[in-house]
Amino acid sequence: MDVKIASDWKELLAEEFQKPYFSELVNFVKGEYASTMVYPAGKNIFRAFDKCPLESLKVVIIGQDPYHGVGQANGLCFSVDDGVQFPPSLQNIFKEVSEDVGVQIPSSGNLDRWAEQGVLLLNAVLTVRAHQAASHAGRGWEQFTDAVVRAIAQKKENVVYMLWGNYAQKKGQIANPQRNLILKSVHPSPLSVYRGFFGCKHFSQANAYLQRVGKTPIEW
């Protein structure tokens, strides 16, 4: 598996890559790519880390597992490539951004521009079989991404964590609220969005906090 990630992440996670569970995970994932349709494309598995080096990280958004529809997953949680129809959760995220900070809903669902400004768009599980949600859950990815969240908590402070839904909140609970800004709401999926995601104002709160700690706000 070609681990194309920013060098500071590679260094920070080097020990994790050597652990027995990670070798087993690599073998499993390689076997899946060889025998069935898996998303995202292999070269994009670690794309979230490549697009947002640890050094520039300001915001962490945690998703669950990649989109499993054709042509959707691109290695960043909630993001799709240019020209791909917005999945419902992403549509709701853009609606809230628009209401919150007064920007137009973009024509593309590609969130590279967020990642390049320091937003780590991290799925808990980094691969999935086509049309089978959570099919790669419980294989080791969660252990790896827990280690990522732990490493961020140890190495960085004044980070904004946007934790949408119970799953993300559980995963992000290691982050110290005294040293960071922890923003929580329900998940932006159509099932829960009206129970507190719409109106949460996470994007303006994040920017106000970043400015307060002397960092450049994100252009959402």
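Scroll up a little and you will see the structure.
Bear in mind the structure is a predicted one, so any value in this text is a computation, not a measurement.

Participant: Can you help me understand helix α9 (residues 202-212) in this one?
Facilitator: Helical periodicity: at 3.6 residues per turn, an α-helix aligns residues three or four positions apart in one direction. For α9, the set of buried residues is His202, Phe203, Ala206, Asn207, Tyr209 and Leu210. For α9, the angular spread of the buried residues around the axis is 165°, confining them to a single face. α9 presents Gln211 and Arg212 as exposed residues on the side facing more than 90 degrees away from its buried surface. At its buried positions, α9 is contacted by β2 (59-63), α5 (88-101), α6 (112-115), β5 (160-164) and β6 (181-185). Among the residues trailing α9, Gly214 stands out with phi positive, at a value near 80°.

Participant: Explain helix α3 (residues 20-35) to me, please; I cannot follow it from the model alone.
Facilitator: Over its 16 residues, α3 extends 23 Å from the first C-alpha to the last, a length consistent with the 22 Å expected when each residue adds 1.5 Å. All of the buried residues in α3 are Tyr21, Phe22, Leu25, Val26, Phe28, Val29 and Glu32. Along the long axis of α3, the arc covered by the buried residues comes to 170°, so they all point the same way. Turned more than 90 degrees off the buried face of α3, the exposed positions are Pro20, Glu24, Asn27, Ala34 and Ser35. Looking at the buried residues of α3, the elements they touch are α2 (14-17), β1 (38-39), β4 (128-129) and α7 (141-155).

Participant: I'm lost on the packing of aromatic side chains in this one. Help?
Facilitator: Given two aromatic rings, one states the distance between the centres and the angle between the planes to describe the pair. Counted according to the given criterion, the structure contains 22 aromatic pairs. Between Trp9 and Phe49 the ring centres are 5.1 Å apart and the planes differ by 80°, which places this aromatic pair in the edge-to-face class. Here Trp9 is found in helix α1 (residues 7-12), whereas its partner Phe49 is found in helix α4 (residues 47-51), with 40 residues between them in sequence. Residues Trp141 and Phe144 carry aromatic rings whose centres are separated by 6.1 Å and whose planes lie at 65° to one another, so their mutual orientation is edge-to-face. Note that Trp141 and Phe144 are positioned in helix α7 at a spacing of three residues, about one turn of the helix. Here Trp141 matches Phe144 in class, with each residue buried.

Participant: What should I look at first to understand the side chain of Lys58 in this one?
Facilitator: Looking at where Lys58 falls in the secondary structure, it is placed in the loop between α4 and β2. It turns out Lys58 is buried and unbridged, and the closest side chain with the opposite charge, Glu219, is 9.4 Å from it. In terms of polar contacts, Lys58 uses its side chain to reach the backbone carbonyl oxygen of Thr216, at 2.8 Å. Not counting chain neighbours up to four residues away, the residues in contact with Lys58 comprise Gln117, Gly118, Asn158, Val159, Val160, Leu210, Lys215, Thr216 and Ile218.

Cut-off values and rules
- Residues numbered from 1 in each chain as written.
- Predicted model: local features only at pLDDT ≥ 70, side-chain atom pairs only at ≥ 80, totals over all residues.
- Heavy atoms only, no water.
- Buried < 20%, exposed > 50% of the residue type's maximum accessible area, 1.4 Å probe, protein only.
- Helix = DSSP H or I, 4+ residues; strand = E, 2+ residues; numbered from the N terminus.
- Arc of directions from axis to C-beta.
- Contact = heavy atoms within 4.5 Å.
- Expected span 1.5 Å × (residues − 1).
- Phe/Tyr/Trp six-rings, centres within 6.5 Å; stacked < 30°, edge-to-face > 60°.
- Lys, Arg positive; Asp, Glu negative; His and termini not counted.
- Salt bridge = Lys/Arg side-chain N within 4 Å of Asp/Glu carboxyl O.
- Polar contact = N/O pair within 3.5 Å; in protein donor to acceptor, adjacent residues only side chain to side chain.

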